Amino acid sequence: MDDDYDYGILMKKLLINENVDFFVAHTLTEGLMILEKEHPEYVFLDNKLPDGSGWEQTEFILHNYPKTHLNLLSGYHVPKTSASTFRILEKPISRAELLSCIDNG
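Thresholds, definitions, all that
Residues numbered from 1 in each chain as written. Predicted model: local features only at pLDDT ≥ 70, side-chain atom pairs only at ≥ 80, totals over all residues. Heavy atoms only, no water. Phe/Tyr/Trp six-rings, centres within 6.5 Å; stacked < 30°, edge-to-face > 60°. Buried < 20%, exposed > 50% of the residue type's maximum accessible area, 1.4 Å probe, protein only. Lys NZ or Arg CZ within 6 Å of the ring centre and 35° of its normal. Helix = DSSP H or I, 4+ residues; strand = E, 2+ residues; numbered from the N terminus. Arc of directions from axis to C-beta. Polar contact = N/O pair within 3.5 Å; in protein donor to acceptor, adjacent residues only side chain to side chain.

*Asks:* How do you make sense of the packing of aromatic side chains when you look at a structure like this?
*Replies:* When we look at a pair of aromatic rings, we describe it by the centre distance and by the angle of the planes. What the rule picks out here adds up to one aromatic pair. For the ring pair Phe60 and Tyr65, a centre distance of 6.3 Å and an interplane angle of 70 degrees mean the geometry is edge-to-face. When its relative accessible area of 6% is taken as the criterion, Tyr65 is described as buried. Looking at Lys91, its charged tip hangs above the ring of Tyr7, at a distance of 4.8 Å from the centre.

See the structure below:
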């Protein structure tokens, strides 16, 4: 979930050879609808979305989709955390970093 259309295209290109289904949402509302319908294994969630803060949905996603691996993204200052239930990544994310999120689940 990222409001930056180009970033969604870039992530899709980075994952094209990784044998994963990929859905792009540009708003929080759209992303939560896809989450409910598809139950993805991985979610990359931007903080600042046009219709709300993605990160404010962290507890909701972790509670309602416990099998989903949550990765929080931000192009702004990224807080350090020792959380074991999700990862926080600073944009731009490299291909290696993106793949490590998928390989390590």
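*Asks:* How should I be thinking about helix α1 (residues 5–15) in this particular structure?
*Replies:* Each full turn of the α-helix corresponds to 3.6 residues, which orients residues three or four apart in the same direction. Listing the buried residues of α1 in full gives Tyr7, Gly8, Met11, Leu14 and Leu15. The buried residues of α1 all sit within an arc of 125 degrees when viewed along its axis, so they share a single face. Turned more than 90 degrees off the buried face of α1, the exposed positions are Tyr5, Asp6 and Lys13. Here α1 starts with a cap whose side-chain oxygen sits 3.0 Å from the backbone nitrogen of Asp6, and that cap is Asp4.

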